[in-house]
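So you can see what is in the structure, the chains are spelled out below.
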Amino acid sequence: MTNKKVAIIGASGFTGSELVRILHYHPNVDIEMITSESHTDKKLSNIHPFFYVIVDTKLESVYDLHKHHIDLAFLALPHGVSMDYVKQFQKFDFPIIDLSGDFRLSNAETYQKWYAQEHIFPEGFAHAVYGIPELFEDTIRSSKLIANPGCFPTSIILALAPLMKNNLVDINIIADSKTGVTGAGVKAKAVNHFSNVHDNFKAYGIKTHRHTIEIQEKLNEMSRYENKVQFTPHLLPVDRGILSTIYLKPSNSGFNNNILQKTYSDFYSDSYFIRLLDSSPSIKNVRGTNYCDIFTTYDERTNNIIVVSAIDNLVRGAAGQAVQNMNIIFNYDQHCGLEQMPLFP
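Cut-offs used in this document
- Residues numbered from 1 in each chain as written.
- Predicted model: local features only at pLDDT ≥ 70, side-chain atom pairs only at ≥ 80, totals over all residues.
- Heavy atoms only, no water.
- Core = buried A, V, L, I, M, F, W, Y, C linked by side-chain atoms within 4.5 Å.
- Buried < 20%, exposed > 50% of the residue type's maximum accessible area, 1.4 Å probe, protein only.
- Helix = DSSP H or I, 4+ residues; strand = E, 2+ residues; numbered from the N terminus.
- Contact = heavy atoms within 4.5 Å.
- Axes fitted to C-alpha atoms, helices over the stretch in contact; angles between N-to-C directions.
- Parallel < 35°, antiparallel > 145°, perpendicular 65-115°, else oblique.
- Nonpolar A, V, L, I, M, F, W, Y, C, P; charged D, E, K, R; others polar.
- Salt bridge = Lys/Arg side-chain N within 4 Å of Asp/Glu carboxyl O.
- Left-handed = near helix turned anticlockwise from the far one by under 90°.
- Pairing = 2+ DSSP bridges.
- Right-handed = clockwise from strand over helix to strand, strands pointing away.
- 1 Å grid on protein atoms, 1.4 Å probe; cavity = no way out; pocket = protein on both sides within 12 Å on 5 of 7 lines; lining within 4 Å.
- Points joined across faces, edges and corners; volume = space filled by probe spheres on them.

## Comments concerning the nonpolar core
- L19, F74, L160, L163 and M326 are the most contacted members of the largest nonpolar core, which has 74 residues in total.
- The element contributing the most residues to this core is helix α6 (residues 151-165), with 10 residues.
- If near-sequence neighbours (up to four positions away) are discounted, M326 is found in contact with V6, L23, H26, V29, L72, F74 and I97.
- Of all hydrophobic cores here, the second largest spans 25 residues; its members include A73, L75, L77 and Y85.

Next comes the structure, spelled out in structure tokens:
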């Protein structure tokens, strides 16, 4: 079987480099092209020294794409930039997996409200499919534009999907998430300076974080109710990982822990990358992998359902999930090329 050829558009950031790290050893895929407009003609290992000798591929301009035959393109680009490339790539006959937030929401108006910028390709929303493989496999398989989910939404939506699909919870949801600094991207900002992160811990984006609406829209779609999501992210002094703790109330009396456990075990019985735990998860136990670890419990005293999930924000929350989506499109096993064991310690 001939390997599929893929292009990685945007290699200078954490997501682009993580795609290279995963795809380099994928048994059925060849990286045909890696682009960077700011580092054209340099070697990838000049930008990311950990690739030295392993991947010394010369970086190209995206405008050389027509010189290559590719079967799929990953857009590892910032929000507000990807939409321009999706618009330009309409003439090409290959699927696109967009790792930005440009097509994750329902329409251009909602995007403008939460991202505070105009969307230049609103037509794309009609064709984009939200890319959580465990939930939307059939639509992903037949789509030409996959909106790869955000890292926080991935950790929360996967954690709540069994409850939402079975209409077992009240509409008010409180989600409290902690993330490593790589979630802020590779560019230096005051928020991720060493002196601000080291030996520190803080909440940010209270009430206004753009992932709030992404989470709420997808939970509404699954439950068919208008849910209200209170989402608060926190910055941890670690490099990668997300831990989300979510609080909900059951919608009906008679709820108990047995119902809760059976709901999750039935829902995720065939999901390779979902690990249901008997105790609260740890970000180190998913480090470098595409797993999502989930712990659930019901507190009879407070009548609260508590769900805790852990993912690696760069893998399950970005590049790994994108590769899982690619596997679906190419009819490979979903775990193909994604069987890395966690790095511990």
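## A closer look at the packing of α6 against helix α9 (residues 257-267)
- With their axes 9 Å apart at the nearest point, α6 and α9 run at an angle of 105° to one another. By the criterion of interaxial angle, the relationship of α6 to α9 is roughly perpendicular. Seen from α6, the contacting residues are A159, L160, A161, P162, L163 and K165; seen from α9, they are L260, T263, Y264 and F267.
- Residue classes in the contact of α6 with α9 are distributed as eight nonpolar, one polar and one charged.

## Comments concerning the pattern of salt bridges
- Scanning the model with the defined rule gives 14 salt bridges in all.
- K67 is the partner of D64 in a salt bridge, and the nearest nitrogen-oxygen pair spans 3.3 Å.
- Given a relative accessible area of 22%, D64 falls into the partly exposed group.
- The salt bridge involving R141 is made with E137; its shortest N-O contact spans 2.5 Å. Of this pair, R141 and E137 both sit in helix α5 (residues 133-141), four residues apart, roughly one helical turn.
- Overall, R141 belongs to the partly exposed group, its relative accessible area being 33%.
- Residue class for E137 comes out partly exposed when judged on its relative accessible area of 31%.
- Residues joined by salt bridges that share partners form a network here, namely E18, R21, R240 and D312.

## Regarding unusual backbone geometry
- In this chain, F344 is followed by P345 through a cis amide linkage whose omega measures 0°.
- You can see P345 is positioned in the segment after α10 (315-329).
- Even without a glycine there, the phi angle at R224 is positive, about 65°.
- Position of R224 relative to the elements: it lies in the loop between α8 (211-223) and β9 (228-235).
- Take R224: its relative accessible area is 77%, and that puts it in the exposed class.

## Some remarks on the packing of α6 against α8
- Axis separation between α6 and α8 bottoms out at 10 Å; the angle between their running directions is 20°. As far as their axial angle goes, α8 and α6 are roughly parallel. Where α6 crosses over α8, the two elements pack in a sense that is right-handed. Along its contact with α6, which presents C151, F152, P153, I156, I157, L160, A161, M164 and K165, the element α8 presents H211, E214, I215, K218, L219, M222 and S223.

## Considering the environment of L145
- Checked against the element boundaries, L145 lands in strand β6 (residues 145-147).
- Overall, the relative accessible area of 7% leaves L145 in the buried class.
- Sequence spacing of L145 and V129 is 16 residues, and the spatial spacing of their C-alpha atoms is 6.3 Å.
- Not counting residues up to four positions away in its chain, the partners in contact with L145 are V86, I96, D98, F103, G124, H127, A128 and V129.

## Here's the deal with the pairing of strand β2 (residues 29-35)
- Both strand β1 (residues 4-9) and β2 contribute to a ladder of six bridges, which runs parallel. Looking at the pairing, I9 lines up with T35 of β2.
- Each parallel crossover has a hand, and for β1 linked through helix α1 (residues 14-23) to β2 it is right-handed.

## Things to note about the layout of surface pockets
- In this model, the largest pocket occupies a volume close to 1,400 Å³.
- Around the largest pocket sit 48 residues that line it, and P78, H79, G183, A184 and G185 are the ones nearest its centre.
- Counting residues per element, the ones that place at least two in the lining of the largest pocket are α1, α6 and α10.
- It is α1 that contributes the most residues to the lining of the largest pocket, three residues altogether.
- The residue makeup of the lining of the largest pocket, split by class, is 21 nonpolar, 22 polar and five charged.
- Each pocket or cavity is described by its volume, and for the second largest pocket that value is around 250 Å³.
- Along the wall of the second largest pocket there are 13 residues; nearest its centre are V86, Q90, H127, K144 and L145.
- The residue makeup of the lining of the second largest pocket, split by class, is seven nonpolar, four polar and two charged.

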